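Examination of the molecular architecture
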Amino acid sequence: MHSPYLMMNLLSAVYWFDEALQAALKEAGIPNVSRAQSMLIANISAGEHRATRIARNLGVTRQAISLMLSELEARGIVELVPDPDDRRARIVRFAGQANDTRRAAAKALHYLELKLVERIGLPAYHGLRDAMRMDWGDPPRVPPEALEEADSEAAASRLASIE
């Protein structure tokens, strides 16, 4: 998808990674993983082990993460163990029998980044990676006057002029 809106292009990029990750997990013997579950698996592969932080990373509620974790735990993919630093919390990790899942996810994500470098070049990859790692701050409030602008074509042309 080539949209005039960056948000849609970012979403397409996420789907590009996710579809390849889901296919790799299926190839590794982990079929029927939803997009939300594969994103959760990617978070754990990246070293995130607290459900609250995974929920924040994915932009979902703690309850939604709990449901996904329950489903993946029932399938033997993840396990929840007591947090040694906080008796009230639990740590999310791959279940012992899911080492193949962990390895497949990590290898797939690494491979996809290498493929992306091949396709867009190292400078573009570094620019994209660095921009995604930056703290963009809190989402800004869109002022009413921006929504009332008489000519949306004028707003679009101002955006196009910075390209």
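See above for the structure.
Residues numbered from 1 in each chain as written. Predicted model: local features only at pLDDT ≥ 70, side-chain atom pairs only at ≥ 80, totals over all residues. Heavy atoms only, no water.

1. What to know about the pattern of salt bridges
A complete count under the given rule lists 8 salt bridges for this structure. Put simply, arginine 50 and aspartate 83 hold a salt bridge, and the shortest N to O gap is 2.4 Å. Here the residue arginine 50 occupies a position in the loop between α2 (35–45) and α3 (51–58), and aspartate 83 occupies one in strand β1 (residues 78–83), the gap between them amounting to 33 residues. Look at arginine 50 and you get partly exposed, because its relative accessible area is 23%. Across the pair aspartate 130 and arginine 129 runs a salt bridge whose closest N-O atoms are separated by 3.1 Å. Taken together, the salt bridges that share partners define one network made up of Asp18, Glu19 and Arg35. (Salt bridge = Lys/Arg side-chain N within 4 Å of Asp/Glu carboxyl O. Helix = DSSP H or I, 4+ residues; strand = E, 2+ residues; numbered from the N terminus. Buried < 20%, exposed > 50% of the residue type's maximum accessible area, 1.4 Å probe, protein only.)

2. Looking at α2
Those residues of α2 that fall on the buried side of the exposure criterion are Gln37, Ser38, Leu40, Ile41, Ala42, Asn43 and Ile44. Looking one or two residues beyond α2, the residue adopting positive phi is glycine 47, at roughly 105°.

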